[in-house]
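Residue-level listing of the chains:
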Amino acid sequence: MSIYTCPHCGEKTFTPIKKAVSGTMKSKGKPCPKCGKLCVNGKGATVFEAVYCLIAFAFIVVIYLNGLKSEWMFTHEMPMCICLLASMYVVPRIVNAFCFRLVQSIRLDAYK
Ligand SMILES: [Zn+2]
């Protein structure tokens, strides 16, 4: 079974881009073009995002704590933190586009 297969109707309806924007199990997900039911990236993607954010956050703390140690760190502290924050948003989406299975959205408000 392909990772782009809809968990509701079993048709291969998702593309890497559509899968990337479907979010993780914490989000509402995107509707399948064929059956219209919501799909999200599964447990693997959800865990990956959480772990990645934790690591990126740890880096931000380390950079922040070392910010005053040298001239170079002082001037590069902000851009590095911004890049890390941006990567928290971008990296899980890129990974989601090519890895992990799609699952049915478990959010209750997705079915209202
Ligand atoms: Zn479907």
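Since this is a predicted model, take the numbers as computed values, not measurements.

Engineer: Please set out the overall build of the protein residue by residue, giving values where relevant.
Structural biologist: From N to C terminus, the protein includes three helices and three strands. Ordered by position from N to C terminus, the α and β elements of the protein give α-β-β-α-α-β. The globule rule puts the C-alpha radius of gyration for 112 residues at 13 Å, and the 18 Å found for the protein is more than 25% above it. Structurally, the protein occupies a C-alpha span of about 55 × 25 × 20 Å along its principal axes. In the protein, buried positions account for 20% of the 112 residues. Partitioning the intrachain contacts of the protein with sequence separation of at least 6 by distance along the chain shows that 56% fall at a separation of at least 24.

Engineer: Hey, could you go over helix 2 (residues 43-65) for me, with residue numbers and the actual values?
Structural biologist: With 23 residues, helix 2 extends 33 Å from end C-alpha to end C-alpha; this agrees with the ideal 33 Å at 1.5 Å per step. Those residues of helix 2 hidden inside the fold are in contact with strand 2 (38-41) and helix 3 (71-98).

Engineer: Quick one: what's the story with the nonpolar core, residue by residue and with numbers?
Structural biologist: Ranked by size, the top nonpolar core spans eight residues in total: C6, F14, C32, L38, C39, V40, L102 and V103. When residues of this core are traced back to their parent elements, those giving at least two are strand 2 and strand 3 (102-104). For this core, the leading source of residues is strand 2, giving three residues. Once residues lying within four places of it in the same chain are set aside, the contact partners of C32 are C6, H8, C9, T13, K37 and C39.

Engineer: Can you tell me about helix 3, naming the residues and giving the values?
Structural biologist: For helix 3, spanning 28 residues, the distance from its first C-alpha to its last is 40 Å, which sits close to the expected 40 Å at 1.5 Å a residue. The largest bend in helix 3 amounts to roughly 45 degrees and is located at E77, with the proline P79 lying one to four residues further along. For helix 3, the full list of buried residues reads P92, N96 and A97. Buried residues along helix 3 sit against helix 1 (16-20), strand 2 and helix 2. Positive phi shows up at F100, right after helix 3, with a value of about 70 degrees.

Cut-off values and rules
- Residues numbered from 1 in each chain as written.
- Predicted model: local features only at pLDDT ≥ 70, side-chain atom pairs only at ≥ 80, totals over all residues.
- Helix = DSSP H or I, 4+ residues; strand = E, 2+ residues; numbered from the N terminus.
- Rg over C-alpha atoms; globule rule 2.2 N^0.38 Å.
- Buried ≥ 20, exposed ≤ 12 C-beta atoms within 10 Å, placed from the backbone.
- Contact = placed C-beta atoms within 7 Å.
- Expected span 1.5 Å × (residues − 1).
- Core = buried A, V, L, I, M, F, W, Y, C linked by C-beta atoms within 7 Å.
- Bend = angle between axes of the 7 residues up to and from the residue.

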